[in-house]
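# Fold and geometry: a report
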Amino acid sequence: MDRSDNNTLLIRLIGAAVCTAALIALFIFSVNNRSKDTAFSRNIFAMDTIMELAVYGVDADTATIALDEAESLINELDHELSAHDKESSIYKLNEAGEGILSGYARECFMLAYSYSADEELPFNMLILPLMEIWGFGDDSNEFIKDRVIPVPTEDEIEAALAYEDIDDIELSDEEGDSLYVRFKKEGMAVDLGGIAKGYASSLVMDLFREHGIKSALINLGGNVVTLGSKTDGTPFRVGIRDPEGGYFDVVCVSDMAVVTSGGYERYVTGEDGKVYHHIIDPLTGRPAESGLISATAVCTDPTLADVLSTSLFIMGREGAEKYASQHIGELEILLLCDDGESLHL
Ligand code: ADP
Ligand code: MG
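A brief structural summary. Since this is a predicted model, take the numbers as computed values, not measurements.

## Some remarks on the site of ligand 1
- Residues in close proximity to ligand 1 total 17 residues, the closest being Asp191, Lys197, Ser261, Ile280 and Thr310.
- Asn124 is positioned such that a nitrogen or oxygen atom in its backbone is 2.8 Å from a nitrogen atom of ligand 1.
- A distance of 2.8 Å separates an oxygen atom of ligand 1 from a polar side-chain atom of Thr310.
- Isolated, ligand 1 exposes 570 Å² of accessible area, and the fraction of that covered by the protein chains is 93%.
- Tallying contributions element by element places helix α9 (residues 302–326) first for the shell around ligand 1, with 3 residues.
- In terms of residue class, the shell around ligand 1 is made up of 8 nonpolar, 6 polar and 3 charged.

## Examining the sheet that holds strand β5 (residues 169–173)
- As summarised here, the arrangement of the 3 strands in space is β3-β6-β5, forming an open sheet in which the pairing is antiparallel. Only two strands of the sheet have a single neighbouring strand rather than two, namely β3 (98–101) and β5. Neighbour-to-neighbour, the strand axes of this sheet turn through a mean angle of 20°, independent of strand direction.
- On the sheet, helix α5 (residues 103–117) packs against β3, β5 and β6 (179–183) and is oriented at approximately 135° with respect to β5.

## Regarding the pairing of strand β16 (residues 292–299)
- Taking burial as the measure, the 8 residues of β16 include 7 buried ones, the bulk of the element.
- Here strand β11 (residues 257–262) pairs with β16 via 6 bridges, running antiparallel. In the sheet register, Val258 faces β16, and the bridge partner there is Val298.
- Alignment of β16 against strand β17 (residues 332–337), held across 6 bridges, turns out to be antiparallel. Looking at the pairing, Val298 lines up with Glu332 of β17.

## Focus: the coordination of the magnesium ion (ligand 2)
- Note on the magnesium ion (ligand 2): its protein donors are Asp306 (O), Asp306 (OD) and Thr310 (OG1). The metal-donor distances range over 2.1 to 2.5 Å. Pair noted here: Asp306 and Thr310 are both in helix α9, with a separation of 4 residues, about one helical turn.
- Among the residues examined, Asp306 registers a relative accessible area of 4% and is labelled buried.

## Quick look at the side chain of Ser261
- Tracing the backbone shows Ser261 in strand β11.
- A distance of 3.3 Å separates a polar side-chain atom of Ser261 from the backbone nitrogen of Thr310.
- Among residues more than four places away in sequence, those in contact with Ser261 are Ile279, Ile293, Ser294, Ala295, Ser309, Thr310 and Phe313.

## Notes on the environment of Gly194
- Mapped onto the fold, Gly194 is located in the loop between β6 and α8 (196–210).
- Considering only alpha carbons, one finds Gly194 and Ile279, 85 residues apart in sequence, at a separation of 8.6 Å.
- Not counting residues within four places of it along the chain, the set of residues in contact with Gly194 comprises Phe123, Asp306, Val307 and Thr310.

## A closer look at unusual backbone geometry
- Notably, Met47 is not glycine yet its phi reads approximately 50°, a positive angle.
- Checked against the element boundaries, Met47 lands in the loop between β1 (39–46) and β2 (49–56).
- Non-glycine residue Asp48 carries a positive phi angle of around 60°.
- Topologically, Asp48 is positioned in the loop between β1 and β2.

## Structural notes on the packing of aromatic side chains
- What the rule picks out here adds up to 2 aromatic pairs.
- Taking the centre distance of 5.9 Å and the plane angle of 45° together, the rings of Tyr56 and Phe236 count as tilted. Of this pair, Tyr56 sits in strand β2 while Phe236 is found in strand β9 (residues 236–241), placing the two residues 180 residues apart along the sequence.
- Under the relative-accessibility criterion, Tyr56 is labelled buried at 3%.
- Look at Trp134 and Tyr276: their rings are 5.0 Å apart centre to centre, the planes differ by 45°, and that puts the pair in the tilted class. In this pair, Trp134 is assigned in the loop between α6 (128–133) and β4 (148–149) and Tyr276 in strand β13 (residues 275–277), connecting sequence segments 142 residues apart.

## Thoughts on α8
- Over its 15 residues, α8 runs 21 Å from end to end, which matches the ideal 21 Å to within 8%, given 1.5 Å per residue.
- With 12 of 15 residues buried, α8 lies mostly within the body of the structure.
- Residues of α8 that are buried: Ala196, Lys197, Gly198, Tyr199, Ala200, Ser201, Ser202, Leu203, Val204, Met205, Leu207 and Phe208.
- Close packing links the buried residues of α8 with β2, α3 (60–80), α5, β7 (215–220), β8 (223–227) and α9.

## Digging into the pairing of β11
- The element β11 is extensively covered by neighbouring structure, given that 5 of its 6 residues are classed as buried.
- As paired elements, β8 and β11 share 3 bridges and run antiparallel to each other. Bridging across to β11, Asn223 finds its partner in Val259.

## Considerations on the side chain of His327
- Looking at where His327 falls in the secondary structure, it is placed in the loop between α9 and β17.
- Here Glu330 takes part through its side chain, which lies 2.8 Å from a polar atom of the side chain of His327.

## A few points about the nonpolar core
- Counting residues in hydrophobic clusters, the biggest one holds 88 residues, and the most contacted among them are Phe109, Met125, Ile169 and Phe208.
- Of the residues forming this core, the biggest block, 9 residues, is contributed by α9.
- Setting aside anything within four residues of it in sequence, one finds Phe208 in contact with Val55, Ala66, Leu67, Ala70, Ile213, Ala216, Ile218 and Leu227.
- If you look at the next biggest cluster of nonpolar residues, it comprises 15 residues, including Ala54, Val238, Phe248 and Val298.

Rules behind the numbers
Residues numbered from 1 in each chain as written. Chains lettered and ligands numbered in written order. Predicted model: local features only at pLDDT ≥ 70, side-chain atom pairs only at ≥ 80, totals over all residues. Heavy atoms only, no water. Near = heavy atom within 4 Å. Polar contact = N/O pair within 3.5 Å; in protein donor to acceptor, adjacent residues only side chain to side chain. Areas by Shrake-Rupley, 256 points an atom, 1.4 Å probe, with all protein chains shown as cover. Helix = DSSP H or I, 4+ residues; strand = E, 2+ residues; numbered from the N terminus. Nonpolar A, V, L, I, M, F, W, Y, C, P; charged D, E, K, R; others polar. Pairing = 2+ DSSP bridges. Axes fitted to C-alpha atoms, helices over the stretch in contact; angles between N-to-C directions. Contact = heavy atoms within 4.5 Å. Buried < 20%, exposed > 50% of the residue type's maximum accessible area, 1.4 Å probe, protein only. Donors = N, O, S within 2.8 Å, 3.2 Å for Na, K, Ca; no water. Phe/Tyr/Trp six-rings, centres within 6.5 Å; stacked < 30°, edge-to-face > 60°. Expected span 1.5 Å × (residues − 1). Core = buried A, V, L, I, M, F, W, Y, C linked by side-chain atoms within 4.5 Å.

This is the structure in structure tokens:
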């Protein structure tokens, strides 16, 4: 292990310690949701966040095998979907401006591509150049809060905005399951950070189903997904966090994803003393200022829920209300507004 490995390990360990409070919050879910059956759970640190996986109503062997496989799968996805891991095909694509994607990277890329092309959503996978100028150009975790960045100039923002046209991505199928991707402009780069945890949670649920598990609850850093109901047949209770403490609402769900995005988890401080968070409005090229503390999407598809939580946060209250009225029966939305009001649409 060289020094940089040691440093990385140290940062991760301290990062995990810093997150103890968050862990306690996560445990509230499992305590509330525990029925008479034994719960088997696992906490892991991946994708720069703490994750809790819990399965219910199965024997210890089945649970252990399923949790081991889920942990390996998440670690694999953490590397493959990362824009910062030098071995990942996404990193190589960003560096070279062209590349071949296959397997999970291809599948997640294509999901992100179709949501980015959806004009209803401010979701844009080509956000990386903007993330970089706002100080989020690497994957370091909680310590990012201590980072002080020079506030990007209008010219820098304009330049990065020129890289986010989804039509500037050229795609063609290659042999097997491979996809050739080319960026028409040098400097374009993709970031799957707004969708990766949702995609990962959907694959974990598929894996649990393959093992015959009928009841599970996972929380991948604010991406809560439930499989079935609690073993006594009642729905899971998922609390929606108030960053000031506790929960501002609770939803009762079965077979549902409950995903929250907020500006309070990941942010840096500008040299002007202002706090800048990590969810960028692709229209302005700046951290979204939509009057929301957080947006939560509740729907059956975990990947869509992840995309929607990021999008609704950017859209703000009015945009979210409009979206809800155009998608009745497809999702529930919970908003925490910066005036303290909370809404359940
Ligand atoms: P978190 O990852 O903290 O749970 P989100 O799911 O809302 O939060 O995703 C935020 C991440 O999504 C950012 O860190 C960045 O990688 C990416 N991102 C930021 N703005 C956008 C955007 N407009 N469209 C797509 N992805 C975005
Ligand atoms: Mg998201």
